[in-house]
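Summary of the model geometry
In case you want the letters, here they are:
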Amino acid sequence: MLRSLVGSEMCIRDRYYLIAVYIALSVAPRLFTEVQDILYVKVWQVAFTQVAEITFRHIHSLSLEWHLKKKLGNVMRSIDRGQQAADTLMYYTMVYLVPAITVAISSFVVFAVHFDQPELAAVCFFGFCSYGWVTYVVTVWRQKFRQEMNQHDNDMHDKASDSLVNFETVKYFTNEEHEIQQYIKSVWNYQKGGFKSQWSTSLLNISQNLTIQLSTFGTLFLAAYAIFHTQNGGGGAGEFVAVQQYVVTIFSPLSALGMIYNMIINGMVDIENLSELLAETPDIIDSHGAEDLSAMLSSAPRGAIR
């Protein structure tokens, strides 16, 4: 009797221990994610500063003729979007994309090895590849809407900055209404581009969700079929729930993966204008091995350079 009581108490303690471990493991991913974001802040700051320095230094190296012909609003928007896009590309690629793919591959291995169900691994892998293919096709297709939106955004800011910089000329010719109408036209074109970008994003989300649900249905159907046929319909609830959790583990990151890939593509589109700006070559370039002028002046004898 005493042994049975002691055994039951130990069993209850083990259950409490397992519950505590489950709660701790549930909290751990969120905690690690926050720590990851904190550690990334310093990387983002250094990268942003380097891109800003390179861009600003390059602009100051361009000729006076280029600066006289430039569209100030266009240049400023290209710089802003390009700097943000550089951070977006690095952040979503290294912090989200690579871990999500790693988690999915680990789940495939668990299905094939631990559960001894290569069919489940095959269905999940097919769903994963289908999701990636749908995301790639739709995102590449809607890239033109992002480019059109950026073009109208540049035009809108260019008209605003040009009108305000030349305020005296506008007032002198009483041309305020014309400038306002031109600016509003650019705003409406930008809004049209935003609408096209939004409905194409909704189409992408619907396609991704449909792919996930079909893959989940196929995986759970195979799991239920295998459990009922190997255990005569009994005692398989735990295995079924375990398979379901692994399926959720696979496809939960995928729900964010579409947004991540979309952000990466948008970042690549946004960085195009900055790349074009950095591709502008200065009219005067120092020859290879040229000495610094201040060093030459300091080392030259007095009166040698006039």
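Summary of the structure given here.

Parameters at a glance
Residues numbered from 1 in each chain as written. Predicted model: local features only at pLDDT ≥ 70, side-chain atom pairs only at ≥ 80, totals over all residues. Heavy atoms only, no water. Helix = DSSP H or I, 4+ residues; strand = E, 2+ residues; numbered from the N terminus. Buried < 20%, exposed > 50% of the residue type's maximum accessible area, 1.4 Å probe, protein only. Contact = heavy atoms within 4.5 Å. Areas by Shrake-Rupley, 256 points an atom, 1.4 Å probe, with all protein chains shown as cover. Axes fitted to C-alpha atoms, helices over the stretch in contact; angles between N-to-C directions. Nonpolar A, V, L, I, M, F, W, Y, C, P; charged D, E, K, R; others polar. Expected span 1.5 Å × (residues − 1). Patch = residues over 30% accessible without salt bridge, like charges linked within 9 Å, V, L, I, M, F, W, Y side chains within 5 Å. Salt bridge = Lys/Arg side-chain N within 4 Å of Asp/Glu carboxyl O.

Some points on the overall build of the chain
- Summing up its helical and strand segments, the chain has nine helices and zero strands in all.
- Secondary structure elements of the chain, listed N to C terminal, follow the sequence α-α-α-α-α-α-α-α-α.
- Looking at the chain as a whole, 29% of its 306 residues qualify as buried.
- Excluding contacts between residues fewer than 6 apart, the proportion of contacts in the chain whose partners are at least 24 apart in sequence is 85%.
- If you sum the accessible surface of the chain, you get close to 20500 Å²; carbon and sulfur atoms cover 65% of it.

Quick notes on the packing of helix H4 (residues 118-141) against helix H5 (residues 143-165)
- Interaxial distance between H4 and H5 falls to 4 Å at its minimum, and their mutual angle equals 35°. Two secondary-structure elements touch here, H4 through Thr139, Val140 and Trp141 and H5 through Gln143, Lys144 and Phe145.
- Among the residues making up the contact of H4 with H5, the classes are represented as three nonpolar, two polar and one charged.

Concerning the environment of Phe126
- On the secondary structure map, Phe126 appears in helix H4.
- Given the relative accessible area of 59%, Phe126 is considered exposed.
- Sequence separation of Phe126 and Ser215 is 89 residues, and the distance between their C-alpha atoms is 8.0 Å.

Points about H5
- With 23 residues, H5 should cover 33 Å at 1.5 Å per step; its first-to-last C-alpha distance of 33 Å lies within 8% of that length.
- When we look at burial in H5, the residues that qualify are Phe145, Arg146, Met149, Asn150, His152, Asp153, Asn154, Met156, Asp158, Ser161 and Ser163.

As for a nonpolar patch on the surface
- Taken together, the side chains of Tyr16, Ile19, Tyr22, Ile23, Val27, Leu31, Phe32, Val35 and Leu39 make up a nonpolar region of the molecular surface, amounting to roughly 1000 Å² of accessible area.
- The residue Val35 is located in helix H1 (residues 2-61) in this model.

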